[in-house]
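Commentary on secondary and tertiary structure
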Amino acid sequence: MNTLGSSTPGAAASIGAVRRRAVVDALRRGAVPESGLDLLATGLDRFERAVDQELESVAAGGSVFKAVRGEYGSGKTFFTRWLGERAKRRTFAVAEVQVSETETPLHKLETVYRRLTERLTTASFPPSALRPVADAWFYALEEDALADGASDKELSQAVERLLTARLAEVSRHAPAFATALRGYKQSLDAGDEATAAAVMAWLGGQPHVAATARRSAGVRGDLDHFGAFGFLQGLLTVLRDAGHAGLVLVLDEVETLQRVRSDARDKALNALRQLIDEVHSGRFPGLYLVITGTPAFYDGQQGVQRLPPLAQRLATDFTTDPRFDNPRAVQIRLPGFTEESLTRLGATIRDLYAEGSQSPDRIKQLADDAYLAELARVVGGALGGKVGVAPRLYLKKLVGDVLDRIDQFSDFDPRTHYKLTVGSGDLTAVERNFAAAMPAASADDLDLEL
C-alpha cells in the first residue's frame, strides 16, 4: 500500500483552482503542501476510521497520544498534515511544531508552548490564530452573559464572573493565565492596543515583553517549563469555549533528539515521557498529541530505548505483516514507497495538474504511466536505489521539469528533450547521503531514455 496518492480515475476531478495551484506550487518547491492533502491521500484510508474515532473522543473531552513511525520519505509530515486538515473540518485548531535542538528543544516546554501559539491555526485563521481565538472566546462569554439576562451596564462584571468560573481549574495550576486574559480584555476596553498586543504576546509565551505591559496586566516574569503545562490547559479551555472541538498538536521530527548532547537528550526524553503521562492522566481534555520519528528513534539506544519508562509507553508489536498493523495502537507505522506506488502517486499529480491545464490531453499523453514509471526508477537510482526516500524529489522533478514544460512549450517532449539531472542543491542532507552511497556514477550522468 502506498502512503500517498492513487491513480483512481477522477481523483483530480472538479476541484477549486486555488486549492489545485497551492498543491502544485508546493510540490514544485519540493515541499509538502500545507492544505489540499485530501486530493492526494487516498492511500491513507486504512487510518481514516481510527483517526476519526480518536478525534471524536477528544472532541467529547478526552485526550489522545499518537506516535507515527516511518523512514525518511515515507510521508510522516504528509500524514500529520492530512490529519490536521481532517481535524480542522471538525472545528479543531491545529499546530505543527518542528523539534530542534537550537530553536525548539523538547526539554524546554515553555519554548514548545511558544512555538505552538506561533503556529496555531484554525479553519478560519492562519498562524498565529491565538489572538482571534481569544477574541472569539470573549465574544462567547459576552453572548452567554447576555443570554443569562445581563444588561449592558452589568455586562463587564458578568463576563468577569464567567471568566473566573471557566478558568477555575486552570487558575489552580497557572493563575497567571487567567490574570493575563483579564489584563488583555481591560486593555482592549480602554482602547490601549499596544498594551493589549503585548499582553497577548506574553500569553503566547513570548519572552522579553515590556515590563509596563506586564505590570498593567498584573503578571510578571516569563513563562517557565512548569508553567507551560498550565498555559496549555488554559489554551485548551479557551479553544473549547470559543467553539473549537480541541487542539491537534504535532511534534515533528522528534528523531533529532538522537543528535543532541546526552544530557539534553535525557532531559528531552523525560519531558516527552512526562507529557505523555499528563495526556493519559486526563489533564489536557481536548488535546490530540502526535509525535513523528524514524524507526531508529523508537528502537535505537540513542532514542526512546534510552529511557525504559518511555519505551514501555510506546511499545508496539511490528513483527506481524504490515497489512495487519493496528491503526488504533499508540504507535503506527507508515509503509515506504515502491516504484509502483510512486508511479501511482505521479499519476495522481499528473491528473491534478492536467485538470488546470489548457492542454490536459497532451499532458496525459506525453507524461503517460509508462513515462512516470521510468521517471520513478531513475529518480530512485539517483538516490542509491532507495525508492522509499524519493517522493519529494520525484514530485519536484515531475512538476517543475516535466509537467510545467509540457504545459508551456507546445514542441516539448520529455522523452526527447529532457535528461534528469540531480545536483546537490536539489537534495536534502538525508537525500545527499543516499546519493553518495551510489558508487557507479554521478547522478548528473543519469539519462532518462524511453
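Residues numbered from 1 in each chain as written. Predicted model: local features only at pLDDT ≥ 70, side-chain atom pairs only at ≥ 80, totals over all residues. Heavy atoms only, no water.

With an unreviewed UniProt entry as reference, the protein chain is termed ATP-binding protein, source organism Streptomyces mashuensis.

Topic: the overall build of the protein chain
Along its length, the protein chain carries 20 helices and five strands. Classification of the 450 residues of the protein chain by burial places 52% in the buried group. About 19,800 Å² of surface is accessible on the protein chain, with carbon and sulfur atoms providing 49% of the total. (Helix = DSSP H or I, 4+ residues; strand = E, 2+ residues; numbered from the N terminus. Buried < 20%, exposed > 50% of the residue type's maximum accessible area, 1.4 Å probe, protein only. Areas by Shrake-Rupley, 256 points an atom, 1.4 Å probe, with all protein chains shown as cover.)

Concerning the layout of surface pockets
Space inside the second largest pocket adds up to approximately 310 Å³. Of all the secondary structure elements, the ones that give two or more residues to the lining of the second largest pocket are helix H3 (76-88) and strand S2 (93-98). Residue contributions to the lining of the second largest pocket peak at five residues, all from H3. Classifying every residue of the lining of the second largest pocket gives five nonpolar, four polar and six charged. (1 Å grid on protein atoms, 1.4 Å probe; cavity = no way out; pocket = protein on both sides within 12 Å on 5 of 7 lines; lining within 4 Å. Points joined across faces, edges and corners; volume = space filled by probe spheres on them. Nonpolar A, V, L, I, M, F, W, Y, C, P; charged D, E, K, R; others polar.)

Details of unusual backbone geometry
In the segment running from Pro127 into Ser128, the intervening peptide bond is cis, with an omega of -10°. Tracing the backbone through its elements, the reader meets Ser128 in the loop between helix H4 (109-119) and helix H5 (130-147). Its identity is not glycine, yet His208 carries a phi of approximately 65°, on the positive side. Among the secondary structure elements, His208 is positioned in the loop between helix H9 (193-203) and helix H10 (211-217).

What about the pattern of salt bridges?
Counted by the stated rule, this structure contains 31 salt bridges. Sharing partners across several salt bridges, the network here consists of Glu48, Asp52, Glu56, Arg86 and Arg90. (Salt bridge = Lys/Arg side-chain N within 4 Å of Asp/Glu carboxyl O.)

Observations concerning the sheet that holds strand S1 (residues 64-69)
Whenever strands of a sheet pair, they do so through backbone hydrogen bonds, lying parallel or antiparallel. Reading across the sheet, the five strands line up as S2-S3-S4-S1-S5 and stay open at both edges, with parallel pairing between neighbours. Because the sheet does not close on itself, it has two edges, and the strands there are S2 and strand S5 (331-333). Averaged over all pairs of adjacent strands, the angle between their axes in this sheet comes to 20°, without regard to strand direction. For S1 and strand S4 (residues 287-293), the ladder comprises six bridges, and the chain directions are parallel. Residue pairing across strands places Phe65 opposite Leu289, the latter belonging to S4. This element, helix H2 (residues 45-59), spans S1, strand S3 (247-252), S4 and S5 of the sheet and lies at about 140° to S4. Along the sheet, H3 makes contact with S1, S2, S3, S4 and S5, crossing S4 at roughly 165°. (Pairing = 2+ DSSP bridges. Axes fitted to C-alpha atoms, helices over the stretch in contact; angles between N-to-C directions. Contact = heavy atoms within 4.5 Å.)

A closer look at the side chain of Glu255
By the secondary structure assignment, Glu255 is in the loop between S3 and helix H12 (262-281). Of the side chains bearing the opposite charge, Lys76 lies closest to the buried Glu255, which forms no salt bridge; the N-O distance is 5.0 Å. In this structure Glu255 touches Thr292, Gly293, Thr294 and Phe297, once residues within four positions along its chain are discounted. (Lys, Arg positive; Asp, Glu negative; His and termini not counted.)

What to know about the pairing of S2
For S2, the buried fraction is high: five of the six residues fall into the buried class. In this structure, S2 lies alongside S3, joined through six bridges in parallel fashion. Residue pairing across strands places Glu96 opposite Val250, the latter belonging to S3.

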